[in-house]
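# Breakdown of the fold
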Amino acid sequence: MKLRLMPVLLTSLLSAAVLFGGWYSYREFAVQEPLQKIVSAYEGVNDSHISIKRNEVTLKLDLQPGTKLRELVQYVNTEGKTAIDGRTLKLDVEQHSSAILDEYWDQAMFSVAEAMESRKYTLIPAKLEELKVQNSRYSGVAATTEIDDNNVYVSLSDGKESKFIILPRVAATMGVWNNA
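Reference entry: report on the structure contained in this document. As the structure is a computational prediction, the values presented were derived from the model and not from experiment. (Residues numbered from 1 in each chain as written. Predicted model: local features only at pLDDT ≥ 70, side-chain atom pairs only at ≥ 80, totals over all residues. Heavy atoms only, no water.)

As a further point, take the environment of Ile-124. By secondary structure assignment, the location of Ile-124 is in helix 5 (residues 123-134). Each C-alpha atom, one on Ile-124 and one on Ile-166, is 13 Å from the other, the two residues being 42 residues apart in sequence. In contact with Ile-124, not counting residues within four places along its chain, are Val-112, Ala-115, Met-116, Thr-145, Val-152 and Val-154. (Helix = DSSP H or I, 4+ residues; strand = E, 2+ residues; numbered from the N terminus. Contact = heavy atoms within 4.5 Å.)

For the rest of this paragraph, the subject is the layout of surface pockets. Of the volumes computed, that of the second largest pocket is approximately 190 Å³. Lining the second largest pocket, in full, are Trp-23, Tyr-26, Arg-27, Ala-30, Val-31, Ile-52, Lys-53, Arg-54, Thr-82, Ala-83, Asp-85 and Arg-87. Secondary-structure elements contributing two or more residues to the lining of the second largest pocket are helix 1 (5-41) and helix 3 (81-84). In terms of residue count, helix 1 provides more of the lining of the second largest pocket than any other element does, five residues in total. Grouping the amino acids of the lining of the second largest pocket by side-chain chemistry returns six nonpolar, one polar and five charged. (1 Å grid on protein atoms, 1.4 Å probe; cavity = no way out; pocket = protein on both sides within 12 Å on 5 of 7 lines; lining within 4 Å. Points joined across faces, edges and corners; volume = space filled by probe spheres on them. Nonpolar A, V, L, I, M, F, W, Y, C, P; charged D, E, K, R; others polar.)

Each strand in a sheet pairs with another by means of backbone hydrogen bonds, the pair being arranged parallel or else antiparallel. Taken in spatial order, the three strands line up as 1-2-3 in an open sheet, and their pairing is mixed. Of all the strands in the sheet, the pair left with one neighbour each is strand 1 (45-52) and strand 3 (88-93). If you compare each strand with its neighbour and ignore which way they point, the axes differ by 20 degrees on average. With six bridges joining them, strand 2 (residues 56-63) and strand 3 adopt parallel strand pairing. Paired with Glu-56 across the strands is Thr-88, a residue of strand 3. Sheet contacts for helix 2 (residues 69-79): strand 1, strand 2 and strand 3; angle to strand 3, the most-contacted strand, approximately 140 degrees. (Pairing = 2+ DSSP bridges. Axes fitted to C-alpha atoms, helices over the stretch in contact; angles between N-to-C directions.)

Between helix 4 (residues 99-117) and helix 5, the least distance of the axes is 9 Å, while the angle of their chain directions is 150 degrees. With respect to their mutual orientation, helix 4 and helix 5 come out roughly antiparallel. Of the two elements, helix 4 crosses helix 5, and the hand of that crossing is right-handed. Residue-level contacts link Tyr-104, Gln-107, Ala-108, Ser-111, Val-112, Ala-115 and Met-116 of helix 4 to Leu-123, Ile-124, Lys-127, Leu-128, Glu-129, Leu-131 and Lys-132 of helix 5. Tallied by class, the residues present in the contact of helix 4 with helix 5 amount to nine nonpolar, two polar and three charged. (Parallel < 35°, antiparallel > 145°, perpendicular 65-115°, else oblique. Left-handed = near helix turned anticlockwise from the far one by under 90°.)

Structure, rendered in structure tokens:
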């Protein structure tokens, strides 16, 4: 039996196009687009970009000052449960920080790290408020802290700019927070 080259190549190319086109369409329209709508519908989200990998869903977010990160994560986990499908949710928040917010966080970081290491999370808001009392330059900074099962969320805002810090409750063995 002699095989003709042209029909075999056309069949192979058509099969590959259908297979990968179907996979791409499923991923784009059945998984990523509904999750994009869920995230964009949340109040305080200016812009979002979603990257879905085998074991991880990464959300790159541009947020307005005052957005509640813990509530956003909880909302995405409940509303987008079928799209996330057992993957871990990772947030990458775009920072619109100012010099005063960066300085405030630098001053608070040691106390926050100590509270995280000792697992005394209630000390974090107290230390942030104490820093505002000690230095009048930080009186215009609004600091909010929230916690869930996986992370501690610290939001700093001076009205126009904001800084969002996500601190994992399960600490790495060594190092500093690279997302601060």
